[in-house]
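Inside the fold
Each chain, written out:
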Amino acid sequence: MIICYCYNNILSLPIVSLMPLKNCKVIDLPKISDPRGNLTFIEGSNHLPFDFKRVYYLYDVPGGAERGGHAHKKLQQFIVAVSGSFDVVLSDGNETKTFHLNRSCYGLYLDNMVWRVINNFSSGAVCMVIASEYYSEDDYYRNYETFLEATKE
Ligand code: TYD
């Protein structure tokens, strides 16, 4: 069996330019091409910088809606556009970077302490998020000023 790695649509740029924010980066996933349809899989720490405990997904997002608007104290996440497309806007308090996700065979790794907003959802987009921990509201910064203060500590 031949496993190819998907090449995202911005891989032609030097990978270092995709990592301006604390360790956040695009990760290409295995892609098994088949005339019957493609298959991509994710094996915990074999493909991601963390083992995961939780998967959730955003779907039926109305046009113009915005998700996220928070940062996490410890949680790491990996975001994949399993259908359609959307933008992930990241900020660490020093700089902001926007990633456009539109393929199922790569995703965006988000370290902790990164403010994220997800917007510009296409019709029918599905945003799958793989998370390093179970849900805990205590892990959120939901106020941007509080987050900025925490980044200076
Ligand atoms: P939130 O993380 O703010 O969503 P998003 O970042 O996608 O905009 O979560 C929205 C609501 O869903 C909030 O009340 C918490 C709840 N929730 C859970 O109960 N479990 C989960 O795993 C997640 C991600 C959210």
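As a starting point, this report considers the structure included with it. In this text the structure is predicted, and so the values were computed from the model without any measurement.

1. Concerning the pairing of strand S10 (residues 106–110)
Two faces make up the sheet, and in a regular strand the side chains alternate between them. Counting buried positions along S10 yields 5 of 5 residues, so the element is predominantly enclosed. The side-chain alternation of S10 yields two buried faces, one formed by Tyr106, Leu108 and Leu110 and the other by Gly107 and Tyr109. As judged from the 4 bridges shared by strand S2 (residues 25–28) and S10, these two strands associate in the antiparallel manner. Each bridged residue has a counterpart across the sheet, and for Asp28 the counterpart in S10 is Tyr106. Where strand S7 (residues 77–83) meets S10, 3 bridges bridge the pair, whose relative direction is antiparallel. Residue pairing in the sheet places Ile79 in a bridge with Leu108 of S10.

2. Some words on the site of the ligand
The local shell around the ligand consists of Arg54, Tyr56, Leu58, Arg67, Gly68, His70, Tyr135, Tyr140 and Arg142. Arg67 places a side-chain nitrogen or oxygen 2.9 Å from an oxygen atom of the ligand. Take Arg142: an N or O atom from its side chain is 2.9 Å from an oxygen atom of the ligand. Protein burial of the ligand: of its 520 Å² of free accessible surface, 63% is covered by the chains. Those elements that place two or more of their residues in the shell around the ligand are strand S5 (54–58) and strand S6 (67–72). Its residues assigned to classes, the shell around the ligand shows 4 nonpolar, 2 polar and 3 charged.

Parameters at a glance
- Residues numbered from 1 in each chain as written.
- Predicted model: local features only at pLDDT ≥ 70, side-chain atom pairs only at ≥ 80, totals over all residues.
- Heavy atoms only, no water.
- Buried < 20%, exposed > 50% of the residue type's maximum accessible area, 1.4 Å probe, protein only.
- Helix = DSSP H or I, 4+ residues; strand = E, 2+ residues; numbered from the N terminus.
- Pairing = 2+ DSSP bridges.
- Near = heavy atom within 4 Å.
- Polar contact = N/O pair within 3.5 Å; in protein donor to acceptor, adjacent residues only side chain to side chain.
- Areas by Shrake-Rupley, 256 points an atom, 1.4 Å probe, with all protein chains shown as cover.
- Nonpolar A, V, L, I, M, F, W, Y, C, P; charged D, E, K, R; others polar.

Read these as geometric descriptors, not functional statements.
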